[in-house]
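Per-entry structural report
Listed here are the chains, written in short residue letters.
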Amino acid sequence: MVNDFFTQMTKVLTDARSIRIKGRSFLAVMLSPDLPFDDWLARLDDLAARSAGFFLGRPVVLDVTDLQIDKPQLKELIAELGKRNVSIMGIEGARPSLLGAGMPPALKGGRSASDIEVQASEPVESSSKPSAPEIRPATTQSIVIREPVRSGQSVIFPEGDVTIVGSVASGAEVIAGGSVHIYGALRGRAMAGSIGNASARIFCRKLEAELVAIDGIYKMAEDMAPNLRGQAVQLWLEDDAIMAEKLI
């Protein structure tokens, strides 16, 4: 009996248990700081002040490729970002000597994500709970949303163009790997070229946007020409600046 008991116990302890492991991808915001960090953090503070809660709930990757910094400088930068409620999920482009215990893990191999002030799980300005992002087949290169995007909602489609048959409310966002087409008023945020597409454009029937971004270059509401407000507009990128003109 004793031998049988130990045989059973040994079997319980040594039997292989299956573990389910699944792969899943997420659209993350990539931050690529410049030296000196104090100046870069000041620009980040300006963005955060003009777009409250921008980084709230977003996965953020810190890109330090080609930056000539040491470990203490990197730790201090991560700490400063933490004070601003920016949680770093990983670091890309870091030499092994820069990383250590208690620091975010090294990441590599991701598709270029625009540091769009965009841009990825945007802040919610209403008290209502945001709806889940649109789900789409991976084989398609464009999607059409046949209803307005309400405050707190996010439509995220890094594979191609997004067309909204309706308006995008204040506090809502549309993020596309290609161009964004809005057949209504754009009052929230629109980010085109979110995975590094400088030729992407934004089109809307009525421009009242809080923020627009193309390939990581952003423009806030107060930076837009007053004569474009309320107009049908297209926006594109030219020499690292967002250009805009009325649609006829």
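This section reports on the structure supplied with the text. (Residues numbered from 1 in each chain as written. Predicted model: local features only at pLDDT ≥ 70, side-chain atom pairs only at ≥ 80, totals over all residues. Heavy atoms only, no water.)

We now examine the overall build of the chain. Summing up its helical and strand segments, the chain has three helices and 15 strands in all. The buried share among the 248 residues of the chain stands at 42%. Across the chain, the fraction of contacts at a sequence separation of at least 24, relative to all contacts at a separation of at least 6, is 43%. Approximately 13,800 Å² of the chain is accessible, and the part contributed by carbon and sulfur atoms is 53%. (Helix = DSSP H or I, 4+ residues; strand = E, 2+ residues; numbered from the N terminus. Buried < 20%, exposed > 50% of the residue type's maximum accessible area, 1.4 Å probe, protein only. Contact = heavy atoms within 4.5 Å. Areas by Shrake-Rupley, 256 points an atom, 1.4 Å probe, with all protein chains shown as cover.)

Attention shifts here to the pairing of strand β2 (residues 60-63). Of the two faces of β2, the one carrying Val 60 and Leu 62 and the one carrying Val 61 and Asp 63 are both buried. Of the strand pairs in this sheet, strand β1 (residues 29-31) and β2 are connected by three bridges, and their pairing is parallel. Across the sheet, the residue bridging to Met 30 is Val 61, located in β2. When β2 meets strand β3 (residues 88-92), the two strands line up parallel, connected through four bridges. (Pairing = 2+ DSSP bridges.)

Here the focus is the pairing of strand β13 (residues 217-220). Both strand β12 (residues 211-214) and β13 contribute to a ladder of four bridges, which runs antiparallel. Counted as the bridge partner of Ile 214 is Ile 217 from β13. Remark: two residues form the turn of the hairpin made by β12 and β13, two consecutive strands paired antiparallel; Asp 215 in that turn has positive phi of roughly 50°.

A word on the sheet that holds strand β15 (residues 241-246). Taking strand neighbours across the sheet as the criterion, the six strands line up as β5-β7-β9-β11-β14-β15 in an open arrangement whose pairing is mixed. Strands with a single pairing partner mark the edges of an open sheet, and in this sheet they are β5 (142-145) and β15. Across the sheet, the mean angle separating the axes of adjacent strands is 20° when strand polarity is ignored. (Axes fitted to C-alpha atoms, helices over the stretch in contact; angles between N-to-C directions.)

It is worth spelling out the sheet that holds β13 at this point. Taken in spatial order, the five strands make up an open sheet running β6-β8-β10-β12-β13, and their pairing is mixed. What marks the edges here is a single partner per strand, and that holds for β6 (154-157) and β13. Shown here is a sheet whose adjacent strand axes are inclined to one another by a mean of 5°, direction ignored.

Below, the discussion takes up the nonpolar core. Leu 186 and Ile 202 are the most contacted members of the largest nonpolar core, which totals 29 residues. Ignoring sequence-local partners within four residues, the contact set of Ile 202 consists of Val 180, Leu 186, Ala 190, Ala 192, Val 212, Ala 213, Ile 214, Val 233, Gln 234 and Leu 235. Counting residues in hydrophobic clusters, the runner-up holds 22 residues, among them Leu 41, Val 64, Leu 77 and Leu 98. (Core = buried A, V, L, I, M, F, W, Y, C linked by side-chain atoms within 4.5 Å.)

The subject of this paragraph is the pattern of salt bridges. Scanning the model with the defined rule gives seven salt bridges in all. A salt bridge links Arg 84 to Glu 80; the nearest nitrogen and oxygen atoms lie 3.0 Å apart. Residue Arg 84 is classed as partly exposed on the basis of its relative accessible area of 25%. Of the charged contacts in the structure, one is a salt bridge between Arg 187 and Glu 208, with a shortest N-O distance of 2.9 Å. Within this pair, whereas Arg 187 is found in the loop between β9 (180-186) and β10 (189-192), its partner Glu 208 is found in the loop between β11 (202-207) and β12, the two being separated by 21 residues in sequence. Through salt bridges with shared partners, a single network forms among Asp 45, Glu 80, Lys 83 and Arg 84. (Salt bridge = Lys/Arg side-chain N within 4 Å of Asp/Glu carboxyl O.)

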